[in-house]
Amino acid sequence: MQKEAKSMEKIVSLCKRRGFVFPGSEIYGCFANSWDFGPYGIELKNNIAQIWWKTFVQSRDDIVGLDSAIITNPQVWEASGHVANFNDPLIDCLKCKARYRADKLLEEKIGVEETTKIASEDLESKIKEYKISCPVCGSSNWTKIRKFNLLFETHIGVIADKKNVAYLRGETAQGIFINFKNVLNTTRQKLPFGIAQIGKAFRNEITPGHFIFRTREFEQMEIEYFIAPPKTEADWKKPFEKWQEELKDFFKEKLGISEKNMRWRRHDEKERSHYSQETFDVEYNFPGMGFAELLGFAYRTDYDLKQHIKYSGADLSCIDEKGNKIIPHCIEPSFGLTRTFLAVVCEAYEEEKVKNETRIVMKFLPELAPVKIAIFPLIRNKPELVEIARHIFEDLKTKFVCEFDDNGNIGKRYRRQDEIGTPFCVTVDFETLENKTVTVRDRDTMKQERVKVERLKDFFSAKLSI
Ligand code: GAP
């Protein structure tokens, strides 16, 4: 089958047209880089989050869950280093006043890999050396580079002054570190074990964009996996490498993302965050953007627990099997949920030529599909067909997410379901009245088969593994 090239514009358009993602505050003329998840978007996002939770929390006995607060004591962010170090290099064009991240300007000119080799204090001279001009007005007249902190500040209570500053969390991870002892004391976990959390994070990004790829409000799915302090390099490398294999399997088997579209990029020393001793960006090949970060995977050592011990005075140690007090180290797979959503949508999007027409189809794995089965009466003005279709819908929706549709011709209904990625469509037609069978149409092959109405539930349970 002939396939057309994907593009981010086509994907954004489908997301809006079919109720996956809407521009935020649209009736007020929108609000830059804010997006709302529509009826099919929230189903897909929830499915991704549920599969992640089931894989990494419910199916394992060494990881437990947590849901911590978004607004915490501001000392959390001082201890974590975010107040001092969570900065992006900001540069302004003196002519047109356009504002950029200096490293991103360089990335566009010389690529990510070369840019990451440049120390932050050298960015300014490199902008000059590579004669980088403003993408808006073409001027090469730049301000000096300033550090811009990404934490979102807010104020608690009625008076806004320095004393009541608080921050919206910049990562869900810190909520895990500050609850480490609570979790240890209330579960029977022993090292190695992990704590997982899904939730919103906020960053005052200088250059949000590429649809929901980089936004100021987004969701993360993070695991902090605590291990005993390593005595040798192998002691952390072994679990780190095991995690790499588990993550690769998850992307392929549970999210349906092909290996050819994934890349593991190791950070060198200059690129690594202040807390990390080893980091990989797991990247996805986004249409029109190329490879860009989907997941951050880091060995955070004992940095965070030690910082919180230092700032809070709390005892966050635990006792090893020999009775010694130890501060665990930590391995962190940090997924962006909203970014994973974008990767899943990009991966699933296909345009196929079918009899001189273009069919757009979202080839989600069935477990991820927002709707599993659509049920149609062949025509809406035949009450006997509508009644049977309604009956099938009422029955199947007790087990699967289903949709009933009697609007428009059957071809249009199939196209609509293809565009939201529904794996199966059931049509009640005149043959149903004769032999109590319906047609079941497969989204990917478009083949149809007749199935007895009474067998439908078992048939779909087997097909959808539910
Ligand atoms: N706790 C470690 C941490 O937060 P990170 O690499 O800064 O590491 C982890 O973020 C993941 O969160 C990224 O790989 C990305 O998927 C997602 N993410 C980060 N900033 C984002 C943004 N502005 N918009 C959408 N997703 C973002």
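Residues numbered from 1 in each chain as written. Predicted model: local features only at pLDDT ≥ 70, side-chain atom pairs only at ≥ 80, totals over all residues. Heavy atoms only, no water.

By the definition in use, this model includes 32 aromatic pairs. Ring geometry for Phe 20 and Tyr 40: centres 6.2 Å apart, planes at 45°, overall tilted. With Phe 20 in the loop between α1 (8-17) and β1 (21-23) and Tyr 40 in helix α2 (residues 39-58), the pair connects residues that are 20 residues apart, well separated along the chain. Grouping residues by exposure puts Phe 20 and Tyr 40 together as buried. A network of ring pairs unites the aromatic residues Trp 52, Trp 53, Phe 56, Tyr 225, Trp 243, Phe 250, Phe 251 and Phe 335 as a single cluster. The ring of Trp 264 carries Lys 248 above its face, with NZ or CZ at 5.3 Å from the centroid. Here Arg 339 stacks its cationic end above the ring of Phe 213, 3.7 Å away from the centre of that ring. (Phe/Tyr/Trp six-rings, centres within 6.5 Å; stacked < 30°, edge-to-face > 60°. Helix = DSSP H or I, 4+ residues; strand = E, 2+ residues; numbered from the N terminus. Buried < 20%, exposed > 50% of the residue type's maximum accessible area, 1.4 Å probe, protein only. Lys NZ or Arg CZ within 6 Å of the ring centre and 35° of its normal.)

Strand pairing in a sheet relies on backbone hydrogen bonds, with the paired strands running either antiparallel or parallel. Strands sit in the order β3-β9-β10-β16-β13-β12-β11 across an open sheet of seven strands; the sheet is mixed. The outermost strands of the open sheet, each flanked by one partner alone, are β3 (63-66) and β11 (262-266). Mean inter-strand twist for the sheet, computed between neighbouring axes without regard to direction, equals 25°. Bridging between β3 and strand β9 (residues 193-202) involves four bridges; their strand directions are parallel. (Pairing = 2+ DSSP bridges. Axes fitted to C-alpha atoms, helices over the stretch in contact; angles between N-to-C directions.)

If you check the shell around the ligand, you find 20 residues, and the closest are Glu 171, Glu 205, Thr 215, Glu 222 and Glu 293. Separating an oxygen atom of the ligand from a side-chain N or O atom of Glu 293 is a distance of 2.6 Å. Take Gly 336: an N or O atom from its main chain is 3.1 Å from an oxygen atom of the ligand. Calculation on the ligand without its partners gives an accessible area of 560 Å², and the protein chains cover 91% of this total. Per-element tally for the shell around the ligand: the top contributor is strand β13 (residues 290-301), with five residues. (Near = heavy atom within 4 Å. Polar contact = N/O pair within 3.5 Å; in protein donor to acceptor, adjacent residues only side chain to side chain. Areas by Shrake-Rupley, 256 points an atom, 1.4 Å probe, with all protein chains shown as cover.)

Mapped onto the elements, Glu 205 comes out in the loop between β9 and β10 (217-227). Not counting residues within four places of it along the chain, the set of residues in contact with Glu 205 comprises Asp 88, Arg 101, Leu 150, Arg 214, Thr 215 and Arg 216. (Contact = heavy atoms within 4.5 Å.)

This next bit is on unusual backbone geometry. A cis amide bond links Leu 191 to the next residue, Pro 192, at an omega of -5°. Position of Pro 192 among the secondary structure elements: in the loop between α9 (180-186) and β9. Phi is positive for Met 446, close to 60°, though the residue is something other than glycine. Secondary-structure assignment places Met 446 in the loop between β22 (437-442) and β23 (448-452).

Spatial ordering of the open sheet is given by β20-β19-β21-β22-β23, a layout of five strands whose pairing is mixed. In this open sheet, the two edge strands, each paired with only one partner strand, are β20 (402-404) and β23. Mean inter-strand twist for the sheet, computed between neighbouring axes without regard to direction, equals 25°. Relative to β23, β22 runs antiparallel, the two being bridged by five bridges. Looking at the pairing, Thr 437 lines up with Lys 452 of β23. Against the sheet, helix α13 (residues 383-396) touches β19 (373-377), β20, β21 (424-428) and β22, its axis set at about 165° to β19. Set on the sheet, helix α14 (residues 410-420) makes contact with β19, β20, β21, β22 and β23; between it and β19 the angle comes to about 170°.

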